[in-house]
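As a plain string of letters, each chain reads:
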Amino acid sequence: MSNDAHIGIVIRCLNNKIGRTVASFNAREFGDATTPVQGWVVRYLYENRDKEVFEKDLEGRFSVRRSTMTAILQLMEKNGLIVKEEVESDRRLKKLILTPLAIEKQERMKKCIDELEEKMRAGLSDEEISSFIKTAEKIGLNLSV
């Protein structure tokens, strides 16, 4: 690929391929309506079970608007993946808690995500991976301004 390729198009195509692969894993494992984004939220909550996590934390982590995250969480609650629990110190705040169903799904999905990561890293050296990540982070910073 030449240096005059449009970075945005390359990233978009890569994102589409990753999304389709995750959707395929999800359908194979669960055959239900859980979306890839819901899977990422479940994973984040799973990895941060020892902390109080709120909707605003997820908005920042996934770079989405409040309305988008609200819709995602409402669907997850409806699908029995999360519950919202009041916080003693501030009853307006609701921490997000995974249900046993979500925990089971995450443990099964982790295996699939590990397979995907292995596939993406195939044939790449540690230096190439490090360079890619640094470049992607710089692009992200450029877009944050």
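Here the structure is a predicted model, which means the values were calculated and not measured.

Topic: the nonpolar core
Phase 1: Formed by 16 residues in total, the largest nonpolar core has its most connected members in Val 41, Leu 45, Leu 58, Leu 73, Met 76, Ile 82 and Leu 98.
Phase 2: Of all the secondary structure elements, the ones that give two or more residues to this core are helix 2 (36-47), helix 4 (66-78) and strand 2 (90-98).
Phase 3: With five residues, helix 2 is the largest single contributor of residues to this core.
Phase 4: Sequence-distant contacts of Leu 45, that is, excluding residues within four places in its chain, are made with Val 53, Ile 82, Leu 96 and Leu 98.
Phase 5: Membership of the second largest hydrophobic core comes to six residues, among which are Val 22, Phe 25, Cys 112 and Leu 116.

Structural notes on the packing of helix 2 against helix 4
A packed helix pair is summarised by two numbers, namely the angle formed by the two axes and the spacing between the axes.
Phase 1: It is the contact of helix 2 with helix 4, at a shortest axis distance of 11 Å, that shows an interaxial angle of 85°. Accordingly, the angle class assigned to the pair helix 2 and helix 4 is roughly perpendicular. In this structure, helix 2 uses Val 37, Gln 38, Val 41 and Val 42 to contact helix 4, whose residues at the interface are Met 69, Ile 72, Leu 73, Leu 75 and Met 76.
Phase 2: When grouped by side-chain class, the residues that make up the contact of helix 2 with helix 4 number eight nonpolar, one polar and no charged.

Section: helix 6 (residues 126-144)
Phase 1: Taking 1.5 Å per residue, 19 residues should reach 27 Å; helix 6 reaches 27 Å between its end C-alpha atoms and fits that length.
Phase 2: In terms of residue burial, helix 6 counts as a barely covered element, since only one of its 19 residues are buried.

With respect to helix 3 (residues 55-62)
Phase 1: Of all the positions in helix 3, only Glu 55, Leu 58 and Glu 59 are classed as buried. Buried positions in helix 3, seen along its axis, are confined to an arc of 105° and lie on one side of it. Exposed residues on helix 3 whose side chains face more than 90 degrees from its buried face are Lys 56 and Gly 60.
Phase 2: Contacts made by the buried residues of helix 3 are with helix 2, helix 4 and strand 2.
Phase 3: Just past helix 3, the residue Ser 63 takes up positive phi, approximately 50°.

Points about the packing of aromatic side chains
Phase 1: Under the counting rule described, the total for this entry stands at one aromatic pair.
Phase 2: Residues Tyr 44 and Phe 62 carry aromatic rings whose centres are separated by 6.1 Å and whose planes lie at 75° to one another, so their mutual orientation is edge-to-face. Taken together, the residues Tyr 44 in helix 2 and Phe 62 in helix 3 connect sequence positions 18 residues apart.
Phase 3: We note Arg 49 situated over the ring of Tyr 46; from NZ or CZ to the ring centre the distance is 3.9 Å.

Quick look at the pairing of strand 1 (residues 82-87)
Phase 1: Bridge count between strand 1 and strand 2: six bridges; the pairing is antiparallel. Bridging across to strand 2, Ile 82 finds its partner in Leu 98.
Phase 2: Adjacent in sequence and paired antiparallel, strand 1 and strand 2 are bridged by two residues.

Describing the pattern of salt bridges
Phase 1: Throughout the structure, instances matching the rule amount to eleven salt bridges.
Phase 2: The partner of Arg 91 in a salt bridge is Glu 86, and the shortest N-O contact between them spans 3.1 Å.
Phase 3: We classify Glu 86 as partly exposed; its relative accessible area is 40%.
Phase 4: Lys 94 is paired through a salt bridge with Glu 86; the nearest N and O atoms lie 3.5 Å apart.
Phase 5: Residue Lys 94 is classed as partly exposed on the basis of its relative accessible area of 34%.
Phase 6: Here the salt bridges share partners, and the residues they tie into one network are Glu 52, Glu 85 and Lys 95.

How each quantity is defined
- Residues numbered from 1 in each chain as written.
- Predicted model: local features only at pLDDT ≥ 70, side-chain atom pairs only at ≥ 80, totals over all residues.
- Heavy atoms only, no water.
- Core = buried A, V, L, I, M, F, W, Y, C linked by side-chain atoms within 4.5 Å.
- Buried < 20%, exposed > 50% of the residue type's maximum accessible area, 1.4 Å probe, protein only.
- Helix = DSSP H or I, 4+ residues; strand = E, 2+ residues; numbered from the N terminus.
- Contact = heavy atoms within 4.5 Å.
- Axes fitted to C-alpha atoms, helices over the stretch in contact; angles between N-to-C directions.
- Parallel < 35°, antiparallel > 145°, perpendicular 65-115°, else oblique.
- Nonpolar A, V, L, I, M, F, W, Y, C, P; charged D, E, K, R; others polar.
- Expected span 1.5 Å × (residues − 1).
- Arc of directions from axis to C-beta.
- Phe/Tyr/Trp six-rings, centres within 6.5 Å; stacked < 30°, edge-to-face > 60°.
- Lys NZ or Arg CZ within 6 Å of the ring centre and 35° of its normal.
- Pairing = 2+ DSSP bridges.
- Salt bridge = Lys/Arg side-chain N within 4 Å of Asp/Glu carboxyl O.

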